[in-house]
Amino acid sequence: MSDAAEFVDAALQRESSWERAEDWERQFGDSLSYYGASVGAVRGTIRDAGRRYPKLSHDEITALSSELWAVPVFERRLAAVVLLQSNLRLLDNSDLTRLEGFVRSARIPALVDPLAMDVIGPMIEGLDAPRRVRADAVLDRWAEDDDVWLRRAVVLSPLRALRKGGGDWDRFARRAKVLLEQSRDAGVEGEVVREAVALVLAEVAETRPELQLPP
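So, how was this worked out
Residues numbered from 1 in each chain as written. Predicted model: local features only at pLDDT ≥ 70, side-chain atom pairs only at ≥ 80, totals over all residues. Heavy atoms only, no water. Helix = DSSP H or I, 4+ residues; strand = E, 2+ residues; numbered from the N terminus. Rg over C-alpha atoms; globule rule 2.2 N^0.38 Å. Buried < 20%, exposed > 50% of the residue type's maximum accessible area, 1.4 Å probe, protein only. Contact = heavy atoms within 4.5 Å. Lys, Arg positive; Asp, Glu negative; His and termini not counted. Charge placed at Lys NZ, Arg CZ, Asp CG, Glu CD. Axes fitted to C-alpha atoms, helices over the stretch in contact; angles between N-to-C directions. Parallel < 35°, antiparallel > 145°, perpendicular 65-115°, else oblique. Left-handed = near helix turned anticlockwise from the far one by under 90°. Expected span 1.5 Å × (residues − 1). Patch = residues over 30% accessible without salt bridge, like charges linked within 9 Å, V, L, I, M, F, W, Y side chains within 5 Å. Areas by Shrake-Rupley, 256 points an atom, 1.4 Å probe, with all protein chains shown as cover. Salt bridge = Lys/Arg side-chain N within 4 Å of Asp/Glu carboxyl O. 1 Å grid on protein atoms, 1.4 Å probe; cavity = no way out; pocket = protein on both sides within 12 Å on 5 of 7 lines; lining within 4 Å. Points joined across faces, edges and corners; volume = space filled by probe spheres on them.

(A) The arrangement of the overall build of the protein chain in detail. The number of helices and strands found in the protein chain is 12 helices and 0 strands. Whereas a compact globule of 215 residues would reach a radius of gyration of roughly 17 Å, the protein chain reaches 18 Å, a difference of no more than 12%. Dimensions of the protein chain along its principal axes, counting C-alpha atoms only, are 50 × 40 × 30 Å. Relative to its full complement of 215 residues, the protein chain shows a buried share of 48%. A separation of at least 24 residues holds for 70% of the contacts in the protein chain among residues at least 6 apart in sequence. With 30 positive and 37 negative side-chain charges, the protein chain shows a spacing of 4 Å between the two charge centroids.

Below you can see the structure in the form of structure tokens.
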């Protein structure tokens, strides 16, 4: 591991709690390992890493996120998400391939949702017009993918912008209607998408009640 990855990993292990590790496993299942560090400790560790390793470049940030993600430990992967969220200004549409890989392997809302809402969506909102067009084309492809977690990420990605009065509601509504129709008879897997659409609609309704899915 790089020095920065070793620093983050060691800090997370120092914050470990077997009680919390067992709680995480009950919530998220046994497909991951758990140190038992709190969400606050993960965020604090990334802040400390930023002070210890200042002015990391785009390539260094994305490489560090991949290092952290590569080991299937929940807190390491959450730290990768927080790292990217903390460095949104460095990201662009070229990073969507890496992010797609993260979403495909995440497979739990506790990782997919912050990737979508706090990294992918805000990153796309900050792109210039030509890059935004290319990024939207990638998300259109995700919306048609067999991987239900990619489809969930597409639904959730515009939430922050929509909640703040921005975003492209018409694009969201078109995607949501198609994805809801596709998930209608998909059982438990379909619920992954239906739950995401319901979350966006509920949150947007609090500040923009006029926005409704067309019949």
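(B) Layout of the environment of Ala143. Position of Ala143 among the secondary structure elements: in helix α8 (residues 129-143). Under the relative-accessibility criterion, Ala143 is labelled buried at 11%. Taking the C-alpha atoms as reference, Ala143 lies 7.4 Å from Leu179; in sequence the two are 36 residues apart.

(C) Fine view of the packing of helix α9 (residues 148-156) against helix α11 (residues 169-183). In contact at an axis separation of 10 Å, α9 and α11 are set at 150° when each is read in the N-to-C sense. Classified by the angle their axes make, α9 and α11 are roughly antiparallel. Read as a crossing pair, α9 and α11 show a hand that is left-handed. From α9, Arg151, Val154 and Val155 reach across to α11, where they touch Phe172, Arg175, Leu179 and Gln182.

(D) Here's a closer look at helix α3 (residues 39-52). The terminal C-alpha atoms of α3 lie 20 Å apart, and with 14 residues this matches the ideal 20 Å at 1.5 Å per residue to within 8%. Within α3 the residues assigned to the buried category are Ala41, Val42, Gly44, Thr45, Ile46 and Ala49. Here the buried face of α3 lies against α1 (3-14) and α5 (74-85).

(E) Up close: a negative patch on the surface. Residues Glu19, Glu22, Glu25 and Asp30 make up a contiguous surface patch of negative charge. Inspection of the secondary structure puts Asp30 in the loop between α2 (18-28) and α3. Owing to a relative accessible area of 65%, Asp30 belongs among the exposed residues under this scheme.

(F) Main features of the layout of surface pockets. There is about 260 Å³ of room inside the largest pocket. Lining the largest pocket are 18 residues, with Ile46, Gly50, Leu83, Ser86 and Asn87 positioned closest to its centre. Every element with two or more residues in the lining of the largest pocket is listed here: α3, α4 (58-70) and α5. Counting residues per element, the lining of the largest pocket draws most heavily on α3, at 5 residues. In this structure, the second largest pocket occupies an estimated 160 Å³ of space. In this structure, the second largest pocket is lined by Asp140, Ala143, Glu144, Arg171, Arg174, Arg175, Val178, Leu179 and Gln182. Of all elements in the fold, only α8 and α11 reach the threshold of two or more residues within the lining of the second largest pocket.

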